[in-house]
Amino acid sequence: MEILLFYSVALVAVLSGFLVIRCQSPVNSALGLVNTFFCLAIFYVMLHAPFMAAIQIMVYAGAIMVLILFVIMLLNLGIEARKRYTHGIVWSALASLMVLFGTIYFLKRGRVTGAEGDLTAFQIESIGHTELIGRSMFTEFLLPFEIASILLLVAIVGAVVLAKKEV
Amino acid sequence: MISVYHYMSVAAILFAMSTYGVLTRRNAIVIFMCIELMLNSVNLTFISLSSHLQNIDGQIFVFFVMAVAAAEAAVGLALMIAFYRNRESIDVDNINMLKW
Amino acid sequence: MYDKLWLIPFFPLVGSIINGLLGKRFIKNEKIIGAIGTGAIFLSFLVSCKFFYQLVNDSVKIHETVVASWMSVGNLQVDWGFLLDPLSAVMLMVVCGVGSLIHLYSIGYMHGEEGFYRFFCYMNLFAFSMLMLVLGNNALVMFVGWEGVGLCSYLLIGYYFEKQSAGDAAKKAFVMNRVGDFGFLLGLFTIFWTLGSKHGVWTINFVEISEKAHLLSGDMILGAGVTTVATLCFFLGATGKSAQLPLFTWLPDAMEGPTPVSALIHAATMVTAGVYMIGRMNVLFAMSPTTMMVVAVVGALTAIFAATIGFAQNDIKRVLAYSTVSQLGFMFVAMGVGAFTAGIFHLMTHAFFKACLFLGSGSVIHAMHHALHHAHLSDDAQDMRNMGGLRKKMPITWATFGISCLAISGLPFFSGFFSKDEILWWTFASTRGSKVVWVIVVVAAFMTAFYMFRCLYMTFYGEQKTNPKAKDHVHESPWVITLPLVVLAGLATVGGFVGIPHVIDVAHIGNKLDQFLAPVFHHSQQLHNIEAHGTASTEIILMIFSVVVALVGIGVATMMYLKNPDMPAKFTAKFSKLHRWVFNKWYVDEAYDVLFVNTTKKLGIFCWRGFDVNVIDGIVNGLAKLIGAISTALRHTQTGQFHNYALTMVFGTVVMLAIFILN
């Protein structure tokens, strides 16, 4: 049952991703992207990370996608002109295939290793995923968290300055 | 049973696909969206590994990736608006002044 | 008690700074500048007198005070420390005493010169450096003074820097001194390193070196004893500073400087620094008979060699310059035969009479210059052939000059008699002495008497050969010039009585100087069995002999230059070839030009035109051109196209991924 769900979601995700890169109209691409985000959110739930699924939808599908769509609408972008590609599709395909085979080969070949913890699915359900994330974020990763806030502040100021008509 | 390799394979496919998108598309916003997709595939890897290794640190990383993506979206889109205002286009083929 | 020693070099330093910084713009007045300069060194003299007196009455004779730490690097610990012992006390008195008189003299002599303030600034700076040299309790502080006096010598020789010859002479003096300084440093390094690495005594303090020197006795370096190598290096330093063979040629040229400079730096004090240094390191020198012999032989050869050149010079200051070189040779002979006291004694008496001679010559030149200037003539004011018969016009100068000539010739009971005689006696009778050296030195003494009286007669006796127009304008100099002359002449007369030899000490005064310096020298002399042994009768016979030799020299000069004024001309005509060689200083300068200067120049030109321009610049320019060409070829890769960059980046990532996987 679960495996069936996985494969169907994966299929939708890949197809939506394909839409993102192939659609002529940027709006269609954006919709494909939203679709992919939702599929990934489903994956996160399946991986016992409900909080991440929530912010995936809120931040990506909610905030960032609205921003992108807003810009598309604002600039009134039409369909991309059907020019012959001057930058080689062949090279690009080769490069991306090499990336694909590289990563797949890497996955097939090695065992996944890393710093192992002791967090079971049962614990997550009993304590609560949000609380776990919060604890970790505000204790161990407090400094990066603060730095991230500064980064966002800088990005806001930068965006305002860049988008102003007269600097 | 779904193993971590399944998730990571999906992430790899999405990553390679969006790489192709970045390399072939000319519309800056589409390229931008492809980059977002790449970031998401990486996020998927992080979360699947976090779940596999039973270590929550990976998910914190995803959090920061999202913060960076949000900042990037704000600045990147502002850049596009500024560029569009000057050139009436956001085709990256027109962004070629920085050369010999 | 002795912790205020730093005051002695402090006053001249302050004087130098005040005159140097404020002299040109703010003080301007010659009287005030002169008073500051002279006052500074006179204060030092007073302080020196106080310490000298204190030391004489003190039972402990060696005192060190440390003012501040200079540097502390690894095992090397250097302090700004001062050392007062009988040796440095004697030197202090000479430097400050003679220095004060010469400063006073300069006020008169330099009157009206452009850059009056500059002169006093340099003179005080020199006094400061010389006092640092004398007082330093370790070799590095001494070296600071050693270099400082070299610098001041350079500045003062080149005082009339608008004159090409003065600039050249200054450079020559500086470069030759550098050659010597190199030796000094090498010697210092050798001692420091050997004492430290072999015996664990890391020191450059003179007292400690003297105490630990016996440790070095068995050590070898480069197939020779460490002490021999090191002391030979030190001696090289001394030859540079004290104008000995082979580095003596700068001193006669240094006469381009103003005459007080010649008197203070190039006669009385700086050039004796080499002798002082050997005295300071007498323990090391005494350990190496080889070096002592070299010192004695070089000194003797210099004494006679310079004396021969003195025969044929017509410039009054050059005669005195060669005489100085020759007398310094005497001092080195004394040091070389182990008569350290005699060497310092001669240093002292020489400072008196040679300073007096130089100042006397300055007085003459001053008068001549004014007279010639008054008559609008451009004759050479220093050429003795333009002088003659000045005895009546300048009586005080004549008298003092004459007394000093008697002293330098070694006539009995003048100061030079005692010191020179002690040197001769030690050369003859010392365990480190040699009869051959004695013969050379006696001949040099004869020659000294001869050329000094030649100089005296040519300047003050006979007919006045000055241009008739200027003749009557030659006058005696003012009191600031004559007062130092009188004082120095007095010292030149009686200065020798501090060191009366035992054999003629009828009043049993005792050799005061020898007793005073004993704490410094006697230890090494006893340890290495250096003493003069001989009967009293031998000593008296030798004494009489040397007086006879001096009298013969004077007699010959009298005969040739006073009684038969046309005899020298005949003589030179007869030995014209020899005369030409002597007149041209044996062509030593020319030989050095060919051997060293021109070869170095050629090497320099090769390095510049051949090596630097072609090879170095070629490499630099070639690299720049190569990079330029590569960049021109490669700049087309910068297309400005977004996709090219992205593609390249992805391929780069793929390569890194591949490397990661394959490892």
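Keep in mind it's a predicted model, so treat the numbers as computed, not measured.

Procedures and definitions
- Residues numbered from 1 in each chain as written.
- Chains lettered and ligands numbered in written order.
- Predicted model: local features only at pLDDT ≥ 70, side-chain atom pairs only at ≥ 80, totals over all residues.
- Heavy atoms only, no water.
- Helix = DSSP H or I, 4+ residues; strand = E, 2+ residues; numbered from the N terminus.
- Rg over C-alpha atoms; globule rule 2.2 N^0.38 Å.
- Buried < 20%, exposed > 50% of the residue type's maximum accessible area, 1.4 Å probe, protein only.
- Contact = heavy atoms within 4.5 Å.
- Areas by Shrake-Rupley, 256 points an atom, 1.4 Å probe, with all protein chains shown as cover.
- Lys, Arg positive; Asp, Glu negative; His and termini not counted.
- Charge placed at Lys NZ, Arg CZ, Asp CG, Glu CD.
- Pairing = 2+ DSSP bridges.
- Core = buried A, V, L, I, M, F, W, Y, C linked by side-chain atoms within 4.5 Å.
- Salt bridge = Lys/Arg side-chain N within 4 Å of Asp/Glu carboxyl O.
- Buried area = accessible area lost by both parts, 1.4 Å probe.
- Axes fitted to C-alpha atoms, helices over the stretch in contact; angles between N-to-C directions.
- Parallel < 35°, antiparallel > 145°, perpendicular 65-115°, else oblique.
- Left-handed = near helix turned anticlockwise from the far one by under 90°.
- Nonpolar A, V, L, I, M, F, W, Y, C, P; charged D, E, K, R; others polar.
- Phe/Tyr/Trp six-rings, centres within 6.5 Å; stacked < 30°, edge-to-face > 60°.
- Polar contact = N/O pair within 3.5 Å; in protein donor to acceptor, adjacent residues only side chain to side chain.
- Disulfide = S-S within 2.5 Å.
- Patch = residues over 30% accessible without salt bridge, like charges linked within 9 Å, V, L, I, M, F, W, Y side chains within 5 Å.
- pLDDT = per-residue confidence, 0-100.

Looking only at helices and strands, one finds three helices and zero strands in chain B. Mapped from its N terminus to its C terminus, chain B presents α and β elements in the order α-α-α. Relative to the compact-globule value of 13 Å for 100 residues, chain B shows a C-alpha radius of gyration of 17 Å, a clear excess of over 25%. Each of the three principal axes of chain B carries a C-alpha extent, and together these read 55 × 25 × 25 Å. Burial status across chain B gives 64% buried among its 100 residues. In chain B, the proportion of contacts linking residues at least 24 apart, taken out of those at least 6 apart, comes to 54%. About 3,500 Å² of surface is accessible on chain B, with carbon and sulfur atoms providing 69% of the total.

Helix and strand counts for chain C come out as 26 helices and four strands. Viewed in the frame of its principal axes, chain C has a C-alpha envelope of about 110 × 65 × 55 Å. Split into buried and exposed, the 663 residues of chain C put 56% on the buried side. Carbon and sulfur atoms make up 69% of the accessible area of chain C, which totals about 27,300 Å². Seen as two clouds, the 42 positive and the 36 negative side-chain charges of chain C have centres 7 Å apart.

Attention now goes to the pairing of strand β2 (residues 76-84) of chain C. Residues and elements named next belong to chain C. When strand β1 (residues 63-73) meets β2, the two strands line up antiparallel, connected through nine bridges. From the neighbouring strand, Thr-65 faces β2, where its bridge partner is Phe-82. Between β1 and β2, which pair antiparallel and follow one another directly, the connecting turn spans two residues, one of which, Gly-74, has a positive phi of 55 degrees.

Bringing the nonpolar core into the picture now. In this structure, Ile8(C), Leu84(C), Val98(C), Met130(C), Phe234(C) and Trp250(C) are the most contacted members of the largest nonpolar core, which totals 209 residues. By residue number, the principal contributor to this core is helix α15 (residues 340-374) of chain C, which donates 20 residues. Once residues lying within four places of it in the same chain are set aside, the contact partners of Trp250(C) are Ser153(C), Lys172(C), Ala173(C), Met176(C), Asn177(C), Gly240(C), Lys241(C), Ala243(C), His266(C), Met270(C) and Val271(C). In terms of nonpolar packing, the next biggest core, distinct from the first, is built from 69 residues, Met46(A), Met17(B), Ile60(B) and Ala67(B) among them.

In this section: the pattern of salt bridges. All names here are of chain C. For the coordinates displayed, the defined rule picks out eleven salt bridges over all chains. Linking Lys-171 and Asp-168 is a salt bridge whose minimum nitrogen-to-oxygen distance equals 3.9 Å. You can see Lys-171 and its partner Asp-168 sitting in helix α6 (residues 164-199), three residues apart, about one turn around the helix. Under the relative-accessibility criterion, Lys-171 is labelled partly exposed at 48%. Taking the relative accessible area as the measure of exposure, Asp-168 reaches 35% and is therefore partly exposed.

Residue and element names in this part refer to chain C. If you trace the backbone, Lys-354 turns up in helix α15. Buried and unpaired, Lys-354 has no salt bridge, with Asp-315 as the nearest side chain of opposite charge at 13 Å. Leaving out residues up to four positions away in the same chain, Lys-354 has contacts with Ala-267, Leu-320, Ser-323, Thr-324, Gln-327 and Ile-408.

Where interface size is given, it is often the accessible area lost as the parts come together that is meant. Taken residue by residue, the interface counts eight residues in chain C and twelve residues in chain A. In total, about 910 Å² of surface goes out of reach between chain C and chain A, with carbon and sulfur atoms giving 86% of it. Three residues stand out in chain C for area buried against chain A, namely Phe651(C), Val654(C) and Ile661(C), and they jointly supply 50% of the buried area on that side. Counting the contacts that link chain C with chain A gives zero salt bridges.

Residue and element names in this part refer to chain C. Their axes nearest at 10 Å, the elements helix α17 (residues 415-429) and helix α22 (residues 536-563) cross at an angle of 125 degrees. As far as their axial angle goes, α22 and α17 are oblique. Between α17 and α22 the crossing geometry is right-handed. Contacts from Phe-417, Asp-421, Leu-424, Trp-425 and Phe-428 of α17 reach α22 at Thr-538, Glu-539, Leu-542, Met-543, Ser-546 and Val-547. For the contact of α17 with α22, the class distribution of residues is seven nonpolar, two polar and two charged.

Right, let's get into the packing of helix α2 (residues 26-46) of chain A against helix α2 (residues 28-53) of chain B. Orientation of α2(A) relative to α2(B), taken along the N-to-C sense of each, is 5 degrees, at an axis distance of 11 Å. Accordingly, the angle class assigned to the pair α2(A) and α2(B) is roughly parallel. In this structure, α2(A) contributes Pro26(A), Ser29(A), Ala30(A), Leu33(A), Thr36(A), Phe37(A), Leu40(A), Phe43(A) and Tyr44(A) to the contact, and α2(B) contributes Val30(B), Met33(B), Glu36(B), Leu37(B), Asn40(B), Asn43(B), Leu44(B) and Ile47(B). Grouping the constituent residues of the contact of α2(A) with α2(B) by class yields twelve nonpolar, four polar and one charged.

Moving on, we get to unusual backbone geometry. Residues and elements named next belong to chain C. Following Leu-245, the chain continues into Pro-246 via a peptide bond in cis, with omega recorded as 0 degrees. The residue Phe-413 is not glycine, and still its phi comes out positive at about 70 degrees. Even without being a glycine, Asn-529 presents a positive backbone phi close to 60 degrees. Following the sequence through the fold, Asn-529 ends up in the loop between α21 (512-527) and α22.

What follows concerns the packing of aromatic side chains. Counted according to the given criterion, the structure contains 44 aromatic pairs over all chains. Summarising the aromatic geometry, the rings of Phe6(A) and Tyr7(B) are spaced 5.0 Å apart at their centres and angled 80 degrees between planes, so their arrangement reads as edge-to-face. Taken together, the residues span two chains, with Phe6(A) in helix α1 (residues 2-22) and Tyr7(B) in helix α1 (residues 4-24). The buried category is assigned to Phe6(A), whose relative accessible area is 2%. The exposure class assigned to Tyr7(B) is buried, which follows from its relative accessible area of 4%. Through pairs of rings, three or more aromatic residues link up here, namely Phe116(C), Phe119(C), Phe120(C), Tyr159(C) and Tyr160(C).

Moving on: the environment of Phe642(C). Mapped onto the secondary structure, Phe642(C) falls in helix α26 (residues 642-662). For the pair Phe642(C) and Ala399(C), spaced 243 residues apart in sequence, the C-alpha separation works out to 101 Å. With residues near it in sequence (within four places) discarded, Phe642(C) still touches Val22(B), Ile31(B) and Val92(B).

We now examine the interface of chain B and chain A. Between chain B and chain A, the contact holds 69 residues from the first and 84 residues from the second. Together chain B and chain A conceal approximately 6,900 Å² of surface at their shared face, both sides included; 75% is due to carbon and sulfur atoms. On the surface where chain B and chain A come into contact, there are zero salt bridges. Between the two partners, chain B and chain A, sit ten residue pairs in polar contact (both at pLDDT 80 or more). Residue assignment for the side of chain B that touches chain A shows that the elements contributing at least two residues are α1, α2 and α3 (57-87) of chain B. Here the residues of the side of chain B that touches chain A are counted per class, giving 47 nonpolar, 15 polar and seven charged.

It is worth spelling out the state of the cysteines at this point. Per the counting criterion, the structure on display carries zero disulfides over all chains. Cys23(A) carries a free sulfur, and the closest cysteine sulfur to it, the one in Cys34(B), is 11 Å from it.

A few words on a nonpolar patch on the surface. Residues and elements named next belong to chain C. The grouping of Leu-603, Phe-606, Phe-611, Val-615, Ile-616, Ile-619, Val-620, Leu-623, Leu-626, Ile-627, Ile-630 and Leu-634 at the surface amounts to a nonpolar patch, some 1,100 Å² of accessible area in total. Topologically, Ile-619 is positioned in helix α25 (residues 588-634). Looking at Ile-619, the relative accessible area reads 52%, which means it is exposed.

Quick look at the environment of Val333(C) now. Residues and elements named next belong to chain C. By the element assignment, Val-333 lies in helix α14 (residues 316-336). The class of Val-333 is buried, set by a relative accessible area of 0%. Distance in space between the C-alpha atoms of Val-333 and Val-98 is 24 Å, their sequence separation being 235 residues. With residues near it in sequence (within four places) discarded, Val-333 still touches Ala-296, Gly-299, Ala-300, Ile-423, Thr-427, Val-437 and Val-441.

Let's shift gears to the confidence of the model for chain C. Looking at chain C, pLDDT values average 87 and 100% of them are 70 or higher. On the interface metric, ipTM, the complex scores 0.90, and its pTM is 0.70.

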